[in-house]
Amino acid sequence: MTNPKATIRRALHCILLLAAVFAFLGAGDPAARFGEIGHRMMCICSCKEILLECNHVGCPDSDGMRNELMAAVSRGDSDSLVEQSFVQKYGPTVLAAPTTTGFNRTAWIMPFAALILGFGLVVRVVRSWKNRPAPALADGLRPIRGAELAQFRDQARKETEL
Amino acid sequence: MAQIGSFALLLALALGVYSFLAGLVALIGQDQGYERLGETARRAGIVTFAAVLLAAVVLVAAAFHDDFSIAYIFHHSNRDLSAPYKFAVLWSGQEGSLLFWSLLLAAYGFVLRLRNKTDPRLFAYASVVLAGVQVFFLLLVNFAANPFGLLQGSIPADGSGLNPLLQYPEMVIHPPMLYLGYVGFTVPFAFALGALIMKYPGEKWIHITRRWTMVTWGFLTCGIFLGAHWAYSVLGWGGYWGWDPVENASLMPWLTGTAFLHSVMMQEKRGMLKVWNMWLVFATFWLAILGTFLTRSGIISSVHAFAQSSIGGWFAWFLGISFAVFLFFFLKNKSHLRGEHKLESLISRESSFLFNNLLFVLLCFTVLWGTWFPKISELVQGNQVTVGGPFYNRVAIPVALLLLLLTALGPLLAWRKTSFESLKRNFFWPAVGAVAVAIFLVITPQSWGSVFGLKPWKDISYFYSLMAVGLCTLVTFTVASEFYRGGRVIAKHTGQGMFASMVQLTHRNTRRYGGYIVHFGVVVVIIGFAGAAFNQDKEQEMGYGDKMTIGSYTLICRSYTDEENPNYSSQWAILDVYKGGKQIDTLTPERRFYHASQQTSTMPYIRSTLNEDLYLVYEGLNQDNGHPILKAHLNPLVMWIWMGVWIILAGTILALVPNAPAPVRVAAPKLVETAAPVGAGD
C-alpha cells in the first residue's frame, strides 16, 4: 500500500523540478530578443506605456529608442548590456521592472518573503487549532470517536448531501 | 444654481454631523432612555441623502444648462457635448466625483437606515459609523473640493470640454459601478465595527455583512472589468490592463473582499476566523479609501493624471483616524472574537480556505508593494524606479495559478476532514481531463489557431498559459462534477431529468452553486487572459491599395475619409479584411480631434470573435512624409474575458437569491376505498 505522505512529497518534488526547469527557460532566439527586451522597457515620453506598446504618432522618443534597441540586438549585445546602456542614457525609470541589484532586490524578495512568512503562519495556526482542546461536554454526554463517529459522519453526509 | 448646490451641501453636512453626534450620544446613553434621540439621528441620516441628491441634481442641471459660471462645469463640459456625457460630468472630475461618492454613500445609508427593523441596535451602531464616514466626505466637498466653486473673471462663452478619453459610452457606467463597489465596502465595515464595539452576540451580523459585501463585490467586479473594456476600446494600445496605480487601487479591495467572501463561510459554519474576518472587512474598506487617496493625491505617478489634486492630506488623516479607531476597539474587545472550534485535519475545507485567504492577501500585498515601491525607492535610494507589467506578471502569475489550483481542490474537500482516498477518488478524473487537455494543446498543429500547438518550453509565458488552461480545465471539471453528483441524487429521488435536477439543486442552495458559477466565470476570464501570451502586432504606413498581413488576415486599404460634427472632427481609414483569400469584413478605425479641448484621441476598430480579436488603430499621419499609419493587433481569446464577466455576475446574482425551500417529504396516504365521490366545487 502506498504511503499518502510519500506520494504527496514525490508530487511536490516533481512540481518543484518542473517549475525550476521552466523558470530558467528563456527565449534564446535573436529574432525574439527585440520584442522581449522591448517589453521590459518603458517609453520615456510620459505616456507610461511599455516601449513597444507606445502608440503615439510623432512620439518624440519611442522611435529613436526602438531603433537603438534594434541596433543593440543586431550587434549581439547581451540583455544586461542593452539594459545598462538604456539606464545610463534615460535613467532607471526606463526599465519596466526593478533590477535585481542593491535596494531594488527588495522589490522582488518581499512578495516571496511574505509568501513564506504567511505559509509559516498558516501552518502554525493550523497546528495550534489542531492542538486546541475540544470544548467540554455537558454532564452525561460522552465523546464519540472511531468507527461510531465515522458511521455518524457518513450518515450525516448522506442525509445532507444536497 | 451654484448657491442652491452649495446650500444643499452645507445642509447635508449639518444633517450628517447631527446624525453622527446624536447617534453617538444615543448609543452611549442607551440605558438612560435616549431612544428618541437615536431615532432623530436615524431620520437625519435619511434626510442627508435627500440633501446630497439635491446637490448632485443641481450639478447635473448646471451641466445641461451650460452654466459656465461654475468652474467645475467650465472645466469638464462644453455646449456641444452630447447629453449622456453631460450627465456623466457628475463623475468626470475631482470635485464632482467626490460629490458622487457622497451621494452613493448617502444612498447606501438611506437603504440601511430604512431596513433598521432587522436588528435596530446593530443598525444603530452601523448607522453611526456610516455617518462618521459620510461627514468626512461632506467636509471634503464643502471645504476642500467644492464642485460649486465659481469661475473667476468673466464667464466664457463655452467650456473646456470633457477629456476625450472619457467620451465613450462605457464612461457613463464604469465610474458609477466602480464607485458603488468602493463606497459599498463602507457598509460591511460599518456593521463589522458596530458589532465589534457592541460585542454583538452570535453570527447574525456576519450574515448581514456577507450579503452587503457580495452586492458590493459584484459592483466592483463589474466596475473593474468595464474599466478594462474601456481601456481596451479607447486607449488604443491593444491591451486591457496596464498595472497602473489607479487600476491597482481598484484591484486591492477586490482581492481582500474576495478573500472575505470565502473566509466568512468559516465563521458562519464553524465559528472560526472571527479575528481574521474582522480585519479583512476593515482592510477592504481601508484599501478602498487608500485607492482613492492614491488616485487623488498625486503622490504616485499615474496615467490617470486628470484626477490628481492636493486633497491627499485629508485622506491621509482619515486613513490614520479610521485605523486608530478600529485598532482601539479591536484591542478593547478582541476577547469577544475567540474561535469556537478546533481544526481536525489539514486536508479539510477549513484549511483550503486558510490557504485561499493567504494567497488572496499575498496578491493584494504584492499589488500594494508594487504600487508603493517607486515611492519607497525614492525615499531610500533617492531615485524612482518603474514597477510595471513585467514585475507583476513574474510575481503575481505563479500565485494566481496556485489560487486556481485551490479553486479546483476546495469544493472537493469536506468540512472538518477529508480522507486521502476520498480526495483521490474525486480528484482523479478531473486531473486526468486537465492533463489530457494540456497534452492536446501541445500536440495539435499551430495552424488550428493561436493557442494550439503550444510549446511551453519556448517561452515562460507559453508555460504559464498552458498551466492556466490546464488548471482552468481542472476547475471546470470539478465544478461540473459537483453539479452532476448533486443532480444525480435529486434525479434518483424525484425521477426528474438530469438538467431539471441540477436546476433544482441550484435553487436549493443558491449560494453554493452560485459560487460555483462564479468560479466557472473566473475560469473563462482566465482563459481569456491566457491568450495574451500569443498577442501579435504590426505597424505599417498604408496608402491606397497597400496590404498588411497579420496572422491569417490580410488587410487592404480601400480609402480614407473624414467627417465633421459640432463636438469633434474625425478621420477614418477604410480597410477590407481578407481571410483565406475571401473578403470577410470592412473595418473603419477612427481618429478624432475634439474642438473644445483641442485634443486628439483614437477609436480603434475591434473585430471580435471567439478565437481572436483583430484590433485596428488609425494612428494618424507620419509627420515626415504625410503617409497614414495603421497599427494592427491580433489578440487571441479576448472575448472570453468579457463573457466570463457576465458569467461571474450571473453567479453573483444567483448567490444572492434566497434558497428555495427543500420539498417536505410526506408519507403517501393510504387510499380510502370507500370514499365518497367529490363533486365539482368541493
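Residues numbered from 1 in each chain as written. Chains lettered and ligands numbered in written order. Predicted model: local features only at pLDDT ≥ 70, side-chain atom pairs only at ≥ 80, totals over all residues.

Some thoughts on the domain arrangement of chain A
Right, so step 1: Each assigned domain of chain A is listed with its residue range as follows: domain 1 (27–97) and domain 2 (100–130).
Right, so step 2: Taken over C-alpha atoms, the centre of domain 1 of chain A sits 33 Å from the centre of domain 2 of chain A. (Domains from an automatic or database assignment.)

Thoughts on the interface of chain A and chain B
Right, so step 1: Each partner contributes residues to the interface: chain A has 38 residues there, and chain B has 49 residues.
Right, so step 2: Breaking the side of chain A that touches chain B down by element, the ones donating at least two residues are helix H1 (4–23) and helix H5 (105–131) of chain A.
Right, so step 3: Top element by residues in the side of chain A that touches chain B is H5 of chain A. It accounts for twelve residues.
Right, so step 4: Looking at the side of chain A that touches chain B residue by residue, the class counts come to 26 nonpolar, five polar and seven charged. (Contact = placed C-beta atoms within 7 Å. Helix = DSSP H or I, 4+ residues; strand = E, 2+ residues; numbered from the N terminus. Nonpolar A, V, L, I, M, F, W, Y, C, P; charged D, E, K, R; others polar.)

Topic: the sheet that holds strand S1 (residues 536–541) of chain B
Residue and element names in this part refer to chain B.
Right, so step 1: If you walk across this open sheet you meet the four strands as S1-S10-S9-S8, and the pairing is antiparallel. With partners counted over all chains shown, the strands left at the sheet margins are S1 and strand S8 (605–608), one partner each. For this sheet the average axis-to-axis angle between neighbouring strands, irrespective of direction, equals 15 degrees.
Right, so step 2: Bridging between S8 and strand S9 (residues 612–621) involves four bridges; their strand directions are antiparallel. Within S9, the position partnered with Ser608 by the bridge is Asp613. (Pairing = 2+ DSSP bridges. Axes fitted to C-alpha atoms, helices over the stretch in contact; angles between N-to-C directions.)

Observations concerning the domain arrangement of chain B
Residue and element names in this part refer to chain B.
Right, so step 1: Split by domain assignment, chain B resolves into domain 1 (1–162), domain 2 (168–183 + 201–280 + 292–332 + 349–405), domain 3 (406–533 + 644–656) and domain 4 (536–639).
Right, so step 2: The gap between the C-alpha centroids of domain 1 and domain 2 is 25 Å.
Right, so step 3: Residue assignment for the side of domain 1 that touches domain 2 shows that the elements contributing at least two residues are helix H4 (83–88), helix H5 (94–114) and helix H6 (120–144).
Right, so step 4: Of the residues that constitute the side of domain 1 that touches domain 2, the class distribution is 14 nonpolar, three polar and one charged.

Notes on unusual backbone geometry
In most cases, non-glycine residues show a negative phi, while peptide bonds are predominantly trans.
All names here are of chain B.
Right, so step 1: One non-glycine residue, Lys199, adopts positive backbone phi at about 50 degrees.
Right, so step 2: Along the chain, Lys199 turns up in the loop between helix H8 (186–197) and helix H9 (204–235).
Right, so step 3: The residue Leu637 is not glycine, and still its phi comes out positive at about 65 degrees.
Right, so step 4: The topology assignment puts Leu637 in the loop between strand S10 (628–636) and helix H19 (638–656).

What to know about the packing of H8 of chain B against helix H12 (residues 312–333) of chain B
To describe two helices that pack against each other, one gives the angle between their axes and the distance between the axes.
Residue and element names in this part refer to chain B.
Right, so step 1: Where H8 contacts H12, the axes come no closer than 9 Å and their chain directions differ by 40 degrees. Overall, the two elements H8 and H12 adopt an arrangement that is oblique. Handedness of the crossing formed by H8 with H12: left-handed. Here Leu193, Leu196 and Ile197 of H8 lie close against H12, whose contacting residues are Phe326, Phe329, Phe330 and Asn333.
Right, so step 2: When its residues are assigned to classes, the contact of H8 with H12 shows six nonpolar, one polar and no charged. (Parallel < 35°, antiparallel > 145°, perpendicular 65-115°, else oblique. Left-handed = near helix turned anticlockwise from the far one by under 90°.)

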